[in-house]
Amino acid sequence: KEVDRRGFDLTTPYRIFSFSADSEQEKEEWVEAMQQCIAEALSNSEVAERIWAVESNRFCADCGSPKPDWASINLCVVICKRCAGEHRGLGPGITKVRSLKMDRKVWTEELIQLFHHIGNAVANRFWAANVPPSEAIAPPSSSQERRRFLIAKYREGKYRRYHPLFGNQEELDRALCAAVTTSDLAETQALLFCGAAVTCATGDPQCPTPLALAEKSGQRLQMEFLLHNKTSGGCSLRDGGFLLCPGGKLTPGSRHSQFYRQLRAIPGCFSRYFPARWPHGVGPRALLGVSCFNHGFASSPRQAASSPAGDERIENTFEVYIESERLYLFGLESPDAAREWLKSIAKSFVHPCAEELLALDFQRIGRLHYKGGLNLERAEEGWFALASSALHVCVPGSERQEPLQLRKLQELSMQWGFRGGRGGPPAEARLVGRTLYIQGERKLDFLGWVQAIQKAAGSAGDTLSEQQLTESDIPLLVDRCIDYITQCGLTSEGIYRKSGQNSKTTSLLEMLRRDARSVRLKEGEHQVDDVANTLKRFFRDLGDGLFTGRWGPDWLWATALEDEEEKIGEYRRLLGTLPTVNRATLKALINHLFRVQLFSGENQMNTHNLAIVFGPTLFQTDGKDYKAGRVVEDLISHYVKIFNVNDQEMKKQQDEIMAIMKMREAASSGTQQAGDFICTVYLEEKKTEAEQHIKVSATMTAEELTFEILDRRKIVMKEKDYWSCFEVNEREEA
Ligand SMILES: [Zn+2]
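Conventions and cut-offs
By convention here, each chain's residues receive numbers from 1 onward along its written sequence. For this predicted model, a pLDDT threshold of at least 70 governs which residues receive local features, and a threshold of 80 or more governs which side-chain atom pairs are given and counted, while totals over whole chains, interfaces and linings are taken from all residues. Hydrogens and water molecules were not included; the side-chain quantities draw on all heavy atoms of the structure. Two strands qualify as a pair provided DSSP detects at least 2 bridges between them. Strands here mean DSSP runs of E at least two residues long; helices mean DSSP runs of H or I at least four residues long; both are numbered from the N terminus. For helices, the fitted line uses only the C-alpha atoms of the stretch in contact; every axis is such a line through C-alpha atoms, and the angle between N-to-C directions lies from 0 to 180 degrees. Multiplying 1.5 Å by the helix residue count minus one yields the expected span of that helix. The buried label goes to any residue with under 20% of its type's maximum accessible area, the exposed label to any with over 50%, and the partly exposed label to all in between, with areas taken from a 1.4 Å probe on protein chains only. Contacts are residue-level and defined by heavy atoms, with any inter-residue pair within 4.5 Å sufficient. UniProt positions are given in the numbering used here, feature names are shortened, and annotations may be inferred rather than shown by experiment. Definition of a polar contact: a pair of N or O atoms within 3.5 Å, with one able to donate and the other able to accept a hydrogen when the atoms are protein atoms, and with sequence-neighbouring residues admitted only if both atoms are side-chain atoms. Each metal site lists N, O and S donors within 2.8 Å (3.2 Å for Na, K and Ca). With water left out of the atoms, a site can look as if it is missing ligands. Square planar and octahedral sites, with four and six donors, are those where opposite donors lie more than 155 degrees apart and all other angles lie between 65 and 115, tetrahedral sites have four donors with every angle between 85 and 135 degrees, and the rest are irregular. Arc definition: it is the arc formed by the directions from the helix axis to the C-beta atoms. Buried Ala, Val, Leu, Ile, Met, Phe, Trp, Tyr and Cys residues form a nonpolar core when they are joined through side-chain atoms within 4.5 Å. Whenever Lys or Arg places a side-chain nitrogen within 4 Å of a carboxyl oxygen from Asp or Glu, that contact is recorded as a salt bridge. We call two directions roughly parallel when the angle between them is under 35 degrees, roughly antiparallel when it is over 145, roughly perpendicular when it lies between 65 and 115, and oblique otherwise. Three categories are distinguished: nonpolar for Ala, Val, Leu, Ile, Met, Phe, Trp, Tyr, Cys and Pro, charged for Asp, Glu, Lys and Arg, and polar for the others, with Gly belonging to the last. Like-charged residues within 9 Å of one another, or nonpolar side chains (Val, Leu, Ile, Met, Phe, Trp, Tyr) within 5 Å, are grouped into patches, provided each residue has over 30% relative accessible area and no salt bridge. Note on areas: these come from Shrake-Rupley sampling with a 1.4 Å probe, and a residue is covered only by the protein chains present in the view. Only four residue types enter the tally: Lys and Arg on the positive side, Asp and Glu on the negative side, with His and both chain ends excluded. By convention, the charge on Lys lies at NZ, on Arg at CZ, on Asp at CG and on Glu at CD. pLDDT measures the predictor's confidence residue by residue and takes values from 0 up to 100.

Moving on, we come to the sheet that holds strand β4 (residues 77-79). One open sheet holds the 3 strands; their spatial order is β4-β3-β5, and the pairing between them is antiparallel. Lying at the two open borders of the sheet, with one neighbouring strand each, are β4 and β5 (97-99). On average, each strand axis in the sheet is tilted by 35° relative to the strand beside it, whichever way the strands run. When strand β3 (residues 70-72) meets β5, the two strands line up antiparallel, connected through 3 bridges. Considered in β5, the bridge of Trp70 is made with Ser99.

Shown next, in the form of structure tokens:
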């Protein structure tokens, strides 16, 4: 590890050696020599020896240097270290670079075989069929010359031997499907790199992809080749397409020409399929991200005037963000075509560490800076993909992380204010159990992410699983209402029977549906009956119902069972068939009703009365079918048995209720305000001797708290004394 201009550290398992060289250059030489030795010591030449068994693999496929110990595992070429460095710059969508000596895990028997069958000889017969001597490179070539040559060779396909079917997508795909069932790897190579789509439809329902066809025919090497190239190969143009960028003109007649013209405006990524001259050195790094833009967009009136279709609306679109703060908006003729393009573009720029993200059905994918976990000092680069309501993260060189379930977000706050378009303050997404700060590189791209995350974190529809959820899979809306009634309404007479104010119920439900996370129900501000009715209305209008349309009738039918044990057994079985969210919600609700009936002496709502109210609500019936009420009555009466509630859980709930009741009694007798809690405060250091327990009321300020503590400890404030008060949240980072 380099320490400063002349010093470096060598870390061994036992100790760290610090060295200092006489000059900067000398230090660099030492560091490089040591790194070389470490690499040698860790390497293993078994794979290299086997690959080199084939004559042509003993010289770099690109520059001809002897004993090349690197390889591109999708192109099946063996290359020298210097060429490998330039290969990496082309991006993993074009070439996947691995070491023959160090990346031992990747070298399966099939892959080694593939290098015997394809290798430098067959690969160059295709890729380097027409290299003008003036453009070829040799071992002494500079890195600039190498880069120029490799871009032309592999990205632009300038020297390749064109397949006779080039340009005819359907024929190419058909030929690929035929080739993969034979042992002709050279043919597969030529087809794949002349535009055949590796994921094209075979028309065979049993083997829908070329990979499946190869497997069926027992062509293991074809399979291996296809697998390593699943992220390369052609983009399908069968659906045609057109492209519109902001301010562009939409004219249906010229869709195709415009399409090509605009595609070429994106540096690098399409040039293999649309050969054109690109500024050299502009690589896939320039792409920040792509996203599906689900809302579609309408062309502006000015554009509409020139369009025969009137106010044409484009439904299938996607966006591409690049580093120069430009946004490209593409329109396609079908949702499938839009998705296909989205994936193809993503493949061309996503870092190899994030390759697994490409397998997701993502709406948005790209590169962002983020801080999280224990490392809050420095923002790191990570790859993010948003798929449905989950945010997946891949970080170079670290373990796979669990995706963040955005509907379970505890809090989501965003900060704005970009300075000159670069960097800017972070957006903060606070999640249950962990906090994540996300920073964008460019404003447009970042705003896109923020909106997409906000949308994914909200409820998506009117079924249970589409709601914002708590950590235990209960809709936040349900949790908020139950919590409020438990705190304020257990003893309220006629709770759940009395109807609240219709307009208030409607607006509260709407607010909770929009974003339950931001709604705080407060005593005095919200009436108990309004909240109770909101909960009932939510269940009554719920898409597919709490018991689901499929299993609802079975629950009703179970009430007819005469044997009590048998009936309980049937309820338990049916409970097991419910989706997780429905099951968790049903348990939470019945638990709540169980508590409500414990107070029937005061609230007049015993199990039977609650069942009359909730039966038709939960089964979404008109109330004529008495069986609905019976189910709810049975569930409450046998709550402990049906839901497998153990003594410990029961005791905890009772304690909670006792605490709430005590608090309320105290509140009504005027000795204590609701909202008081006991807090432990430490003075200057966290020690038992410095501990003070203090009752904090809802209105107490930090200043008052500080003075009270100082007062208790008999500390006199002097003129230049400044005391402050911090809240320490032990489970979080700050
Ligand atoms: Zn080379």
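Following the structure, the description resumes.
It is worth spelling out helix α6 (residues 143-155) at this point. The first and last C-alpha atoms of α6 sit 17 Å apart over 13 residues, in line with the 18 Å expected at 1.5 Å per residue. Taken together, the buried positions of α6 are occupied by Arg146, Phe149, Leu150, Ile151, Ala152, Lys153, Tyr154 and Arg155. On the buried face of α6, the contacting elements are β4, α3 (81-89) and α5 (119-127). Where α6 terminates, the next one or two residues include Gly157, which has phi positive at roughly 65°.

Moving on: the UniProt feature "domain: PH" (unreviewed entry) in the protein. Taking the UniProt record as the reference, the feature "domain: PH" (unreviewed entry) is found at residues 1-39. Annotated as 41% helix and 26% strand, the span residues 1-39 places its first and last C-alpha atoms 15 Å apart.

Along the polypeptide, Gln222 turns up in helix α10 (residues 220-228). At a separation of 3.4 Å, a polar atom in the side chain of Gln222 contacts the main-chain carbonyl oxygen of Asp184. When residues no more than four places from it in sequence are discounted, the contact partners of Gln222 are Ala179, Val180, Thr182, Ser183, Asp184, Leu185, Thr188 and Ala214.

Listed as protein donors to the zinc ion are Cys60 (SG), Cys63 (SG), Cys80 (SG) and Cys83 (SG); their distances from the metal cover 2.2 to 2.4 Å. In this structure, the zinc ion is surrounded by 4 donor atoms whose angles at the metal cover 101 to 117°, and the resulting shape is tetrahedral. Mapping the donors of the zinc ion onto the primary sequence yields the spacing C-x2-C-x16-C-x2-C. On the criterion of sequence distance, the pair formed by Cys63 in the loop between α2 (46-51) and β3 and Cys83 in helix α3 is long-range, its members being 20 residues apart. A single burial state applies to Cys63 and to Cys83, both of which are buried.

Moving on, we come to unusual backbone geometry. Of note in the backbone geometry, Lys67 takes a positive phi value of approximately 50° without being a glycine. Here Lys67 is to be found in the loop between α2 and β3. Of note in the backbone geometry, Cys76 takes a positive phi value of approximately 60° without being a glycine. With a relative accessible area of 0%, Cys76 lands in the buried category.

Here we come to the environment of Arg480. Tracing the backbone shows Arg480 in helix α15 (residues 476-488). Separated by 41 residues in the primary sequence, Arg480 and Leu521 have C-alpha atoms spaced 7.4 Å apart.

Looking only at helix α4 (residues 109-117), the buried set comprises Leu111, Ile112, Leu114 and Phe115. The buried side chains of α4 occupy one side of the element, clustering within an arc of 155° when seen end-on. Elements that come into contact with the buried residues of α4 comprise α2, β3, β4, α5, α8 (185-192) and α10. After α4 finishes, the residue Gly119 shows a positive phi value of roughly 60°.

What follows concerns the nonpolar core. Counting 67 residues, the largest nonpolar core has Tyr496, Trp555 and Leu586 as its most contacted members. Beyond its immediate sequence surroundings of up to four residues, Leu586 is in contact with Leu546, Phe547, Trp555, Leu575, Leu578, Leu635 and Phe643.

Summed over all chains, the structure comprises 24 salt bridges. A salt bridge links Glu109 to Arg50; its shortest N-O distance comes to 2.9 Å. Here the residue Glu109 occupies a position in helix α4, and Arg50 occupies one in helix α2, the gap between them amounting to 59 residues. We note a salt bridge from Glu171 to Arg174, for which the minimum N-O separation is 3.3 Å. In this pair, Glu171 and Arg174 both sit in helix α7 (residues 169-179), 3 residues apart, roughly one turn of the helix. Judged by relative accessible area, which is 30%, Glu171 ranks as partly exposed. The exposed category is assigned to Arg174, whose relative accessible area is 51%. Each of Glu170, Glu171 and Arg174 takes part in a single network of salt bridges with overlapping partners.

Contact pair α15 / helix α20 (residues 580-598): the axes reach a minimum separation of 11 Å and the direction vectors enclose 10°. Viewed along their axes, α15 and α20 adopt a mutual orientation that is roughly parallel. Along its contact with α15, which presents Val478, Ile482, Ile485 and Thr486, the element α20 presents Thr585, Ala588, Leu589, His592 and Arg595. Its residues assigned to classes, the contact of α15 with α20 shows 5 nonpolar, 3 polar and 1 charged.

This next bit is on a negative patch on the surface. On the surface, Asp22, Glu26, Glu28, Glu29 and Glu32 cluster together into a negatively charged patch. If you trace the backbone, Asp22 turns up in the loop between β2 (16-20) and α1 (24-42). Judged by relative accessible area, which is 61%, Asp22 ranks as exposed.

Glancing now at the side chain of Arg146. Following the sequence through the fold, Arg146 ends up in helix α6. At 6.4 Å, Glu86 is the nearest oppositely charged side chain to Arg146, a buried residue that forms no salt bridge. Polar side-chain contacts of Arg146 include one of 2.7 Å to the backbone oxygen of Pro139. At 3.2 Å, the side chain of Arg146 forms a polar contact with the backbone oxygen of Ser141. Beyond its immediate sequence surroundings of up to four residues, Arg146 is in contact with Cys63, Cys80, Arg82, Cys83, Glu86, Ile137, Ala138, Pro139, Pro140 and Ser141.

Residues of the protein with pLDDT of at least 70 account for 79%, and the chain-wide mean is 78. For the protein, the element scoring lowest by mean pLDDT is helix α12 (residues 301-305), at 30; β4 scores highest, at 96. Under a pLDDT of 50 for its full length, residues 233-285 has, in the predicted model, 132 contacts with residues more than four places off or in other chains. A low-confidence stretch, residues 294-313 stays under pLDDT 50, and its non-local contacts, those more than four residues away or across chains, total 33 contacts.

This part is about the environment of Gln439. Secondary-structure assignment places Gln439 in strand β18 (residues 434-439). Residue Gln439 is classed as buried on the basis of its relative accessible area of 18%. In this structure, the C-alpha to C-alpha distance between Gln439 and Tyr370, residues 69 residues apart in sequence, is 5.7 Å.

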